[in-house]
Amino acid sequence: MNSGDVVGDRPAAVRGAQAVGRAIDLLKLVGLNHERGISLASLVAATGLDRATAYRLLGSLVQSGMVARDEGKLYRLGLESMQLGLATMSRIPIMERCRPTMIRIARRTEDTVYLVVRNGDYAHCVHYEQGAFPIKALVLQVGGLRLLGVGSAGTALMSTLSDAELEAFHARHAGELPPERSTLAHLRRQSAQIRQQGYACTDNLVATGVSGVGMAFQVTPGTYAALSVGAIRSRMEEDRRRSIAALMKEELQIGGWGVMAGV
C-alpha cells in the first residue's frame, strides 16, 4: 500500500498523520502529569479519544520507551523521553536567548537572577546568573523542581493558568502548598493580583530571610517561562521590588519577549 492508497474514506497518509498527532497529544498529557502519573480513564477524558484507540497508542509509546506504565496502571514519561530531555539541557534555546537579559539584570540589581520553565505542575530551574552583591540568595539549583506557587518564579508561572487549570492544579496539590496559601480562593486572588500588577513577590517562602520578585513571559503562544530575582529580605523593600519588576519588564521587552501588562 502506498501513500496514495485509501483506507475507508481517508488516504492512509492522513490516517497516519492523525495517529501521530493523537500520540503526541497523549505524550504531552503524560508529561504534564508525570510526577503523580495519570490513568487511562483520565487520558481518555482529557483527549476525547475512545478507550481502545488511546490504549493502542499508549501501548506503542510504552513499547518505544517514551512512556512507562507502573503497577498501579498509571502512565508517566519513560526513560527515552527523559534521555531526550537531558540531551537538550546543555543547549536549551530559551537559555541561550535569555542569558544576555539575565546578565544585564544581574549586573543592574547585583542580585541572583533565575530562569525557570514550567514542567507540568512544577517550576524547573534551567539557569541562573549571580550578581556582585556579596551575600547570595542561592535558593534554586539548576535542574531543581519546585511546585508552582512556591517561589516567586513558580508563583508567576501559576498566574498564567486558566481558571480551570488552576482549579485542577489545586485539586492535585492542595496538601503540598504552604498552609497560608493552600486554599483555592487564595490562589485565585493571588493569580488575579499578579496578572494585574505584572509580577509576583514572595517573602520567607522558600528560605527564611529571602525574598524574590518573579515575572512570567511568553515563549510561544500559550507557553510561558519566568525570570526571578532573589535577594536577602533587607534588600527587598517595596520600592525596590517595584523597581526590580520595572527593570525586568524593560529588559524582557528589549529581548523581544512578551510580558504581562502590569508594572
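That block above? That's the structure.
Only a predicted model underlies this, so the values are computations on that prediction, with no experimental measurement involved.

What follows covers the packing of aromatic side chains. For the coordinates displayed, the defined rule picks out two aromatic pairs. With centroids separated by 5.7 Å and ring planes inclined at 50 degrees, the aromatic side chains of Tyr114 and Tyr128 adopt a geometry described as tilted. Here Tyr114, found in strand S6 (residues 112-119), pairs with Tyr128, found in strand S7 (residues 122-129); they are 14 residues apart in sequence, far enough to count as distant. The lysine or arginine in question, Arg235, covers the ring of Phe133, its NZ or CZ lying 3.8 Å from the ring centre.

Proximity of charged atoms lets side chains of opposite charge pair with each other. Going through the model one piece at a time under the given rule, you end up with 13 salt bridges. Residues Arg36 and Glu176 are paired through a salt bridge, measuring 2.6 Å at the closest nitrogen-oxygen approach. Taken together, the residues Arg36 in the loop between helix H1 (12-32) and strand S3 (38-39) and Glu176 in the loop between helix H7 (163-173) and helix H8 (184-197) connect sequence positions 140 residues apart. Judged by its relative accessible area of 43%, Arg36 is partly exposed. The salt bridge involving Arg242 is made with Glu238; its shortest N-O contact spans 3.4 Å. Placement of the pair is Arg242 and Glu238 together in helix H9 (residues 238-254), with a separation of four residues, close to one helical turn. On the accessibility criterion, Arg242 (40% relative accessible area) is partly exposed.

Note on sheets: strands pair through backbone hydrogen bonds, and any given pair is parallel or antiparallel. Strand order in the open sheet made by the three strands is S3-S5-S4, with antiparallel pairing throughout. A single partner strand is all that each edge strand has here, and the edge strands are S3 and strand S4 (67-69). Sheet analysis places S3 next to strand S5 (residues 74-77), joined by two bridges and oriented antiparallel. Looking at the pairing, Ser39 lines up with Leu74 of S5.

A few words on the packing of H7 against H8. To describe two helices that pack against each other, one gives the angle between their axes and the distance between the axes. Running from amino to carboxyl end, H7 crosses H8 at an angle of 140 degrees, the nearest separation of the two axes being 10 Å. One way to sum up the angle between H7 and H8 is to call them oblique. In the packing of H7 onto H8, the handedness of the crossing is right-handed. Where H7 abuts H8, its residues Leu166, Glu167, Phe169 and His170 lie against Leu184, Leu187, Arg188 and Ser191. Broken down by class, the residue content of the contact of H7 with H8 amounts to four nonpolar, two polar and two charged.

This part takes up the environment of Ser39. Along the chain, the position of Ser39 falls in strand S3. Ser39 gets classed as partly exposed once you look at its relative accessible area, which sits at 22%. Along the chain, Ser39 and Arg76 lie 37 residues apart, while their C-alpha atoms are 9.4 Å from each other. Among the polar contacts made by the side chain of Ser39, one reaches the side chain of Ser42 at a distance of 3.0 Å.

All right, on to H8 then. Across its 14 residues, H8 extends 20 Å between first and last C-alpha, which sits within 8% of the 20 Å expected from 1.5 Å per residue. Turning to H8, its buried residues are Leu184, Leu187, Gln190, Ser191 and Ile194. Buried residues of H8, viewed axially, fall in a sector of 125 degrees; they line one side. Exposed residues lying more than 90 degrees from the buried face of H8 are Arg189 and Gln196. Directly beyond the C-terminal end of H8, a positive phi value near 95 degrees is found at Gly198.

Analysis parameters
- Residues numbered from 1 in each chain as written.
- Predicted model: local features only at pLDDT ≥ 70, side-chain atom pairs only at ≥ 80, totals over all residues.
- Heavy atoms only, no water.
- Phe/Tyr/Trp six-rings, centres within 6.5 Å; stacked < 30°, edge-to-face > 60°.
- Helix = DSSP H or I, 4+ residues; strand = E, 2+ residues; numbered from the N terminus.
- Lys NZ or Arg CZ within 6 Å of the ring centre and 35° of its normal.
- Salt bridge = Lys/Arg side-chain N within 4 Å of Asp/Glu carboxyl O.
- Buried < 20%, exposed > 50% of the residue type's maximum accessible area, 1.4 Å probe, protein only.
- Pairing = 2+ DSSP bridges.
- Axes fitted to C-alpha atoms, helices over the stretch in contact; angles between N-to-C directions.
- Parallel < 35°, antiparallel > 145°, perpendicular 65-115°, else oblique.
- Left-handed = near helix turned anticlockwise from the far one by under 90°.
- Contact = heavy atoms within 4.5 Å.
- Nonpolar A, V, L, I, M, F, W, Y, C, P; charged D, E, K, R; others polar.
- Polar contact = N/O pair within 3.5 Å; in protein donor to acceptor, adjacent residues only side chain to side chain.
- Expected span 1.5 Å × (residues − 1).
- Arc of directions from axis to C-beta.

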